[in-house]
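Descriptive structure summary
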Amino acid sequence: MNTTKSIFDIIRAEKFKDKSKQELIKKGINDLEAYIFDQDKVIENLEEQNKALIKEKSHWVQKSFKLANKISEIEEDLEVANNLIDDMINQND
């Protein structure tokens, strides 16, 4: 942004004999400054959206780990239950 500002300062400092050229350059500079300002706002918004998405991703990653742990616990419980059933079947034989 500093480089852009210094370019604008140089252009503003230039003296043009033709007033229409001066006005055209001023309008161009103002339009360009407005565009740069708008783009800065777009970038800020995108950065905020990115932060929100990273936070949401983190949330879902944590949920996934909790779910994986629960599934693992259920699998262990099922294995114990299957072993108990097998033991009961073997005792009845």
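Residues numbered from 1 in each chain as written. Predicted model: local features only at pLDDT ≥ 70, side-chain atom pairs only at ≥ 80, totals over all residues. Heavy atoms only, no water.

**Examining the pattern of salt bridges**
Rules: Counted as salt bridges are all cases of a side-chain nitrogen of Lys or Arg within 4 Å of a carboxyl oxygen of Asp or Glu. Going along the chain from the N terminus, every DSSP run of H or I of four or more residues is numbered as a helix, and every run of E of two or more is numbered as a strand. With a 1.4 Å probe rolled over the protein chains alone, any residue whose accessible area is under 20% of its type maximum counts as buried; one over 50% counts as exposed, and the rest are partly exposed.
Evaluated as defined, the whole model comprises 3 salt bridges. A salt bridge links D31 to K27, with the shortest nitrogen-to-oxygen separation between them at 2.7 Å. In this pair, D31 and K27 both sit in helix α2 (residues 19-92), 4 residues apart, roughly one turn of the helix. We note a salt bridge from E44 to K41, for which the minimum N-O separation is 3.6 Å. Taken together, the residues E44 and K41, both in helix α2 and 3 residues apart, mark about one turn of the helix. Residue E44 is classed as partly exposed on the basis of its relative accessible area of 39%.

**Considering a negative patch on the surface**
Using the following cut-off: Like charges are joined within 9 Å and nonpolar side chains (Val, Leu, Ile, Met, Phe, Trp, Tyr) within 5 Å, but only among residues with over 30% relative accessible area and no salt bridge; these make up the patches. The Shrake-Rupley method, run with a 1.4 Å probe, gives the accessible areas here. Residue values count only the displayed protein chains as cover. The sign given to each residue is positive for Lys and Arg and negative for Asp and Glu; His and the chain ends receive no count. In this description, the location of a charge corresponds to atom NZ of lysine, CZ of arginine, CG of aspartate or CD of glutamate.
Taken together, the side chains of E73, E75, E76, D77 and E79 present a region of like negative charge at the surface. Its location among the elements puts E75 in helix α2.

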